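In case you want the letters, here they are:
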Amino acid sequence: RGEAIVSIDLSGESLHRRGYRDEGAKAPLKENLAAAILMMAGWPELSKPGAGFVDLMCGSGTLPIEAALISSNTAPGFFREYFGFLGWKQHDAVAWKALKQEAMQARITDKKKLPRFFAFDQDGFALKAARENAAEALVDDLIHFERRELSEAPPISPNYGETGLVGCNPPYGERLDDPEKLKALYRLIGDTFKKKASGWKGFVFTGNLDLAKEVGLKASRRFPLFNGAIDCRLLTYDLYAGTREAVSPLKG
């Protein structure tokens, strides 16, 4: 009808591809979605020396890696080798080199100036991928990866810091599991928060609101997000002793 749309591809491929992840576990989070979850959960404000970050079910490590990148002031896409604009005839290579140098100098590499990061998962293959991804993102020396069942999670507070952020992106039955079998898992997440993370802030990212109720804790905030086409919620929790009922801390 006499109209045309002219588009310019600046990136060459989707910008969520940061350039560090070659492998993924089952249904991995996109990097930009993981970063959004962390921002909404308050990680930039909590992130400081002495604070802690714990992912109880880390999968291929996207959440702890993005948390470490945020804390270390690493620019998104820092590890990408190619952008579409590099092929433009009027691309300013000198300016681009200066911007990359500026981003490199802005990174915080002194571990004493950074929080502590811990990532657990029961899947050895996922942990292998997580370690490799963390190495590609140059944060493998910041994150402690460990194979652990959720039921064997150690006491988080104060072992990993007096305060911090603990959470997970558990399966929600949309693609991988039977929702009926996941109720006990979500209850265990709530119990772990309640009994082992007093004084911290917690989060659960899920695409199953019925399962989210099984956590058994009152969410302080709820954020609607989409994981692909799946309507999801990020639930955040302020964790205090006796949130749901009086309990004695579990021994590690």
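Computed from a predicted model, the values in this text were never measured in an experiment.

A. The pattern of salt bridges, seen in detail. Under the definition given, this model contains nine salt bridges. Its salt-bridge partner being Arg18, residue Glu66 comes within 3.2 Å of it at the nearest N-O pair. Remark: Arg18 occurs in the segment before helix H1 (31-40) and Glu66 occurs in helix H3 (residues 62-71); sequence separation between them is 48 residues. In this structure, Arg148 engages Glu146 in a salt bridge whose closest nitrogen and oxygen atoms are separated by 2.7 Å.

B. Representation of the side chain of Thr206 within the structure. Mapping Thr206 onto the fold places it in strand E5 (residues 201-206). Polar contacts involving the side chain of Thr206 include one to the side chain of Tyr186, which spans 2.9 Å. Apart from residues no more than four positions distant in its own chain, Thr206 is found in contact with Tyr172, Tyr186, Ala212, Cys232 and Arg233.

C. Looking closely at the sheet that holds strand E4 (residues 164-168). Spatially, seven strands are ordered E3-E2-E1-E4-E5-E7-E6 in an open sheet, and the strand pairing comes out mixed. Edge strands, defined here as strands with exactly one partner in the open sheet, are strand E3 (143-147) and strand E6 (221-227). Neighbouring strand axes in the sheet, compared pairwise and without regard to direction, differ in orientation by 15° on average. Sheet analysis places strand E1 (residues 52-55) next to E4, joined by four bridges and oriented parallel. Its bridge partner lying in E4, Phe53 is registered against Leu165. Of the strands in this sheet, E4, E5 and strand E7 (230-238) touch helix H6 (residues 183-196), which is tilted by about 165° from E5.

D. Representation of the environment of Ala219 in the model. On the secondary structure map, Ala219 appears in the loop between helix H7 (209-213) and E6. Relative accessible area serves as the criterion here: at 16%, Ala219 is assigned to the buried category. Between the C-alpha atoms of Ala219 and Leu239, which are 20 residues apart in sequence, the distance is 9.7 Å. Among all residues touching Ala219, those that are not within four sequence positions of it are Leu235, Thr236 and Tyr237.

E. Fine view of the pairing of E1. The alternating pattern of E1 places Gly52 and Val54 on one face and Phe53 and Asp55 on the opposite face, and all of these are buried. As paired strands, E1 and strand E2 (residues 116-121) are joined by four bridges and run parallel to one another. Residue pairing for E2: Val54 is matched across the bridge by Phe118.

F. Main features of the pairing of E5. E5 sits mainly inside the fold: five of its six residues count as buried. In the sheet, E4 pairs with E5 via four bridges, with the strands oriented parallel. Paired with Cys168 across the strands is Val204, a residue of E5. Bridge count for E5 against E7 is six bridges, and the pairing is antiparallel. Bridge assignment links Phe205 to a residue of E7, and that residue is Leu234.

What counts, and at which threshold
- Residues numbered from 1 in each chain as written.
- Predicted model: local features only at pLDDT ≥ 70, side-chain atom pairs only at ≥ 80, totals over all residues.
- Heavy atoms only, no water.
- Salt bridge = Lys/Arg side-chain N within 4 Å of Asp/Glu carboxyl O.
- Helix = DSSP H or I, 4+ residues; strand = E, 2+ residues; numbered from the N terminus.
- Polar contact = N/O pair within 3.5 Å; in protein donor to acceptor, adjacent residues only side chain to side chain.
- Contact = heavy atoms within 4.5 Å.
- Pairing = 2+ DSSP bridges.
- Axes fitted to C-alpha atoms, helices over the stretch in contact; angles between N-to-C directions.
- Buried < 20%, exposed > 50% of the residue type's maximum accessible area, 1.4 Å probe, protein only.

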